[in-house]
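# A closer look at the structure
These are the residues of each chain, in order.
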Amino acid sequence: MKPLHIAAFVPGYRAMTGGPKRTLSLLAGLSAHGHTISAIVPSVESEFYRAAQSAGIRTHAMPVDPILTAGGFEVARAKNLHLVIPALVRANTRLSSLLRHLRPDVLWIRGSKPYPMSAGAAWKTRTPLHWDIDYEPESRGVVRAIHTLGLRHASCISFQHRGAPVEIFGEALYLRYRHKMITVLPGLDVWPKLRARHRVGRSGPLRVAQVATITPRKNQRFSLALLRMASEASEGHGLELSLIGDVHDSHYHAELRAFVAESGLAKQVRFLGWQQDVPRFLALHADVLLQPSLDEGIPNAVQEAMAVGLPVIASDRGGHPDLLDNSQRGWALPLSDTRAWVNVLTQLSQSPSLREAVGERARRFAREHFDHGVWINTYSRVLAGDCREAGAQAR
């Protein structure tokens, strides 16, 4: 396979949380595979810029107006169009100039937000566009228009789990553009050296962790309500909850802390912020991972928890059902059935041997399915233009 020059346009990353870490893992893997990577980042001050340089990736700073990288998909809000449209023109003009200089074989973007900033530049320079999708906002209004244009324009669209194309775009758009679509399960680049140890007879409360940015989509409120429900039923006195993740929504964070205080859960809940080595924390300080997201792709935290041998209880949203089978290696449960969540937590709390068995099956599944080399090899074929063949082998 001929080595490629891949320009990766990553304008929205701030902290090195799950999504940016996975992007860096992919780009570093492709670089090690013999491809030339040029990462295009808005600022030399960003954590992603520094991390990419440390990984030996050629990195370029290209300024982008702040409104284009704001949270909450501000680019799609009609009230901001008088600011957004000139900003998009500037972004595409700058990117066109950079692409002419770099002359890459393909332009890679992740998610919808970079598309309006790069579509004109890719078209003007005739650079093939690869669109990688993990999580997307609801496809309606201006976002629907961006999705439709992106599907028409992109040479190939890759997803992390099988249900994503229909969940995100709907049946009609999926059927129209499915010949461009593939599913590639992400791999883990560094396998945790530690394994969780659930010694039978270990005293102390069940240590529950949720690893996610503090934002409504990640649904930490559900985890707290679940803990309160278990406590009120006299089933939760032996539970502790650690919430791990940067604060993305300060108002939501304040609501969570108020809920903890009002519910009398202060001694059972810890807000720990982001942890640099999540697998190590999970292996040493957690017995169960809770992941009740409202929408999701394939979360790093779920893969890492399975890799260290932790049982996972997650919502039945996004890619969770692709990984969890509701007993053997973890649970993907409906958010509407809180009693089912409490029952599973109670079983795990009362049975260290059950935690050990489920965790070991999860670890074996991770070893078999989260291979980093397979991920990179498949992605190499995809970026080389063999979208349908590579996708058929990845499914």
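Every value quoted in this text rests on a predicted model; they were computed, and no experiment measured them.

Cut-offs and rules
Residues numbered from 1 in each chain as written. Predicted model: local features only at pLDDT ≥ 70, side-chain atom pairs only at ≥ 80, totals over all residues. Heavy atoms only, no water. Helix = DSSP H or I, 4+ residues; strand = E, 2+ residues; numbered from the N terminus. Rg over C-alpha atoms; globule rule 2.2 N^0.38 Å. Buried < 20%, exposed > 50% of the residue type's maximum accessible area, 1.4 Å probe, protein only. Areas by Shrake-Rupley, 256 points an atom, 1.4 Å probe, with all protein chains shown as cover. Lys, Arg positive; Asp, Glu negative; His and termini not counted. Charge placed at Lys NZ, Arg CZ, Asp CG, Glu CD. pLDDT = per-residue confidence, 0-100. Contact = heavy atoms within 4.5 Å. Pairing = 2+ DSSP bridges. Axes fitted to C-alpha atoms, helices over the stretch in contact; angles between N-to-C directions. Expected span 1.5 Å × (residues − 1). Core = buried A, V, L, I, M, F, W, Y, C linked by side-chain atoms within 4.5 Å.

Each helix and strand counted, the protein chain has 16 helices and 13 strands in total. Computed over C-alpha atoms, the radius of gyration of the protein chain comes to 21 Å, within 12% of the 21 Å expected from 2.2 N^0.38 for 395 residues, which places it in the range of a compact globule. Seen along its three principal axes, the alpha-carbon backbone of the protein chain occupies a region of about 65 × 45 × 40 Å. Every one of the 395 residues in the protein chain was classed for burial, and the buried ones make up 55%. Surface exposure of the protein chain reaches about 17,200 Å², of which carbon and sulfur atoms provide 50%. For the protein chain, the distance from the average position of its 48 positive side-chain charges to the average position of its 34 negative side-chain charges is 4 Å.

On average, residues of the protein chain score 87 in pLDDT, and 91% of them are at 70 or above. Element-level mean pLDDT values for the protein chain span from 44 in helix α16 (residues 387-394) up to 97 in strand β12 (residues 312-315). Note that residues 388-395 has pLDDT below 50 and, in this model, 12 contacts with residues that lie over four places away or in other chains.

Turning our attention to the sheet that holds strand β2 (residues 36-41). Spatially, the 7 strands line up as an open sheet ordered β3-β2-β1-β4-β5-β6-β7, and their pairing is parallel. The two strands at the open ends of the sheet, each matched to only one other strand, are β3 (58-61) and β7 (181-183). In this sheet, neighbouring strand axes are inclined to one another by 25 degrees on average, regardless of whether the strands run parallel or antiparallel. With 4 bridges joining them, strand β5 (residues 129-133) and strand β6 (residues 156-159) adopt parallel strand pairing. Note that in β6 the partner of Trp 131 across the bridge is Ile 157. Along the sheet face, helix α2 (residues 47-54) touches β2 and β3 and points at about 155 degrees away from the line of β3.

This next bit is on helix α8 (residues 220-232). For α8, with 13 residues, the first-to-last C-alpha span of 19 Å sits near the 18 Å given by 1.5 Å per residue. Among the residues of α8, those classed as buried are Gln 220, Phe 222, Ser 223, Leu 224, Leu 226, Leu 227, Ala 230 and Ser 231. Tucked into the core, α8 has its buried residues touching β8 (206-211), β9 (239-244), α9 (250-262), β10 (269-273), β11 (288-291) and α13 (338-350).

A separate point is the nonpolar core. Grouped together as the largest cluster of nonpolar side chains are 36 residues, with contacts concentrated most on Phe 9, Leu 68, Leu 107 and Phe 169. With 8 residues, helix α3 (residues 81-102) is the largest single contributor of residues to this core. If we ignore the near neighbours within four places in the chain, the residues touching Leu 107 are Ala 7, Phe 9, Leu 95, Leu 99, Ser 118, Ala 122, Thr 127, Pro 128, Leu 129 and His 130. Core analysis: the next-biggest nonpolar cluster, separate from the first, contains 31 residues, Leu 224, Leu 239, Leu 256 and Val 342 among them.

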